Each structure stands twice: as C-alpha cells, then as structure tokens.
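# Coordinate inspection notes
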Amino acid sequence: MTVMEHTFTCTDAALLLRPLTPADSERYRLLRNQDQNRRCFFYSDPISVKSQQEWYQNYLRRENDYMFAVCDADGTFLGGAALYDVTGDTAEFGRLIIDQAAAGRSGCGAQALLLLCRLARETLHLTSLHLEVYQDNLPARKTYEKAGFLTKRQYPAPDGMRDICYMEKLL
C-alpha cells in the first residue's frame, strides 16, 4: 500500500494552508456534521468517527487529491478545503468549510480559496479549477464569485430536489 502525503503549504498574513492531519480530519468531521453545514454537502448524512478515519486513510492513497487544513496565523484550526481529481492542468475545488466562531471574522473562506488558487497555479501549475455547488447555497456561491469563479451551467441534482451550479475559474 502506497501512502502519499503531500507537503504543500501556502500562507499570507492572516491564513495558513497546510496538509490535513488525522487530528484535523476529526475536527473537520465535527464541523461538517453540524446541521447548518451538512446540508451544503452533496452527501449530507452525518459522518461517523470510523467512516472519517477510513476516508482519511483512503485519501492518503490518492495521488491526485490534496486536502488542506485552513488555520489562522497562529496555527489555530479554522476548517478545511481541497483540490482533488487533479488531472492534467485542471482540478476540482471543494470540501470548503470554515468555523466562523473560531475565525471570528467573515471572509476566511474566500481568502482560503484565493490561497488555494495561488498554490494551484504556482505550485501545481494548473490553469483552471472547477466546482459544483447547490444553486441555493448563496453564501458559498458568493465566496466562489469573489474568488473569480463563473457559473457555466446549472442542472438538477440527481434527487431532483435542488439545482447544482457548475462553476469554473481560469488561473
């Protein structure tokens, strides 16, 4: 079994993106399982400790997925974000979640996304990113638009209950 742990980091004056650790993965799970956050994910069922641990071990074996802890300048965990399914010169962005109470300010999600865009361009040499988001998830869509993502198309979710926006950004 090959284990691939990336070492990529990116920082600015207020945030640090670093590889997700097992302890971060559990913090991420707890954030993700909060009702107001769960409903924003395509798979919205609660995640168990065991399922998260299995996910993390599987994640470590994928060579084209990069999961990051989003931390403030002093290293406090604020949330997570990912670049995944890296193929050629493009990747999908997702799994963004920020603990607003820990952050103590708004805008950390957009700031983390801009840092990931910089890392994608400068370190991974990608030329574009794409994502999918529920059309009615207005806070996330505003964050993505602030970072320069444009909606390219909209289509019904598989369950037919909500619409999904497909968005892209050229780096």
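Analysis parameters
Residues numbered from 1 in each chain as written. Predicted model: local features only at pLDDT ≥ 70, side-chain atom pairs only at ≥ 80, totals over all residues. Heavy atoms only, no water. Core = buried A, V, L, I, M, F, W, Y, C linked by side-chain atoms within 4.5 Å. Buried < 20%, exposed > 50% of the residue type's maximum accessible area, 1.4 Å probe, protein only. Helix = DSSP H or I, 4+ residues; strand = E, 2+ residues; numbered from the N terminus. Contact = heavy atoms within 4.5 Å. Arc of directions from axis to C-beta. Phe/Tyr/Trp six-rings, centres within 6.5 Å; stacked < 30°, edge-to-face > 60°. Lys NZ or Arg CZ within 6 Å of the ring centre and 35° of its normal.

## Concerning the nonpolar core
Ranked by internal contacts, the top residues of the largest apolar core, which has 34 residues, are Leu17, Val70, Leu83, Phe93, Leu129, Tyr144 and Phe149. Sorting the residues of this core by element identifies strand S2 (15–19), strand S3 (66–72), strand S4 (77–87), strand S5 (90–98), helix H5 (108–122), strand S6 (128–134), helix H6 (138–146) and strand S8 (163–170) as the ones contributing at least two each. Here the element with the most residues in this core is H5; it accounts for 8 residues. When residues no more than four places from it in sequence are discounted, the contact partners of Phe93 are Ala81, Ala82, Leu83, Tyr84, Leu113, Leu116, His130, Leu131 and Tyr144. Counting residues in hydrophobic clusters, the runner-up holds 14 residues, among them Leu31, Phe41, Tyr56 and Ala82.

## A closer look at helix H1 (residues 22–32)
Of all the residues in H1, the buried ones are Asp24, Ser25, Tyr28, Arg29, Leu31 and Arg32. Within H1, the buried residues cover an arc of 160 degrees as seen down the axis, which keeps them to one side. Buried residues along H1 sit in contact with S2, helix H2 (35–38), helix H3 (49–60), S3, S4 and S5.

## Comments concerning the packing of aromatic side chains
In total, this model carries 7 aromatic pairs according to the counting rule given. Measuring from ring centre to ring centre gives 6.5 Å for Trp55 and Tyr56, while their planes differ by 50 degrees; the resulting arrangement is tilted. For Trp55, a relative accessible area of 24% gives the class partly exposed. Its relative accessible area of 3% is what places Tyr56 among the buried residues. Where Tyr56 meets Tyr59, the ring centres are 5.9 Å apart and the plane angle is 50 degrees; that geometry is what we call tilted. One end of the pair, Tyr56, and the other, Tyr59, are both in helix H3, 3 residues apart, so they sit about a helical turn from each other. Here Tyr56 matches Tyr59 in class, with each residue buried. One aromatic cluster is present, formed by Trp55, Tyr56 and Tyr59 through successive ring pairs. It is Arg32 that lies over the ring of Phe41; its NZ or CZ is 4.9 Å from the centre. Geometry around Tyr166 places Arg153 over its ring, the cationic atom sitting 4.1 Å from the centre.

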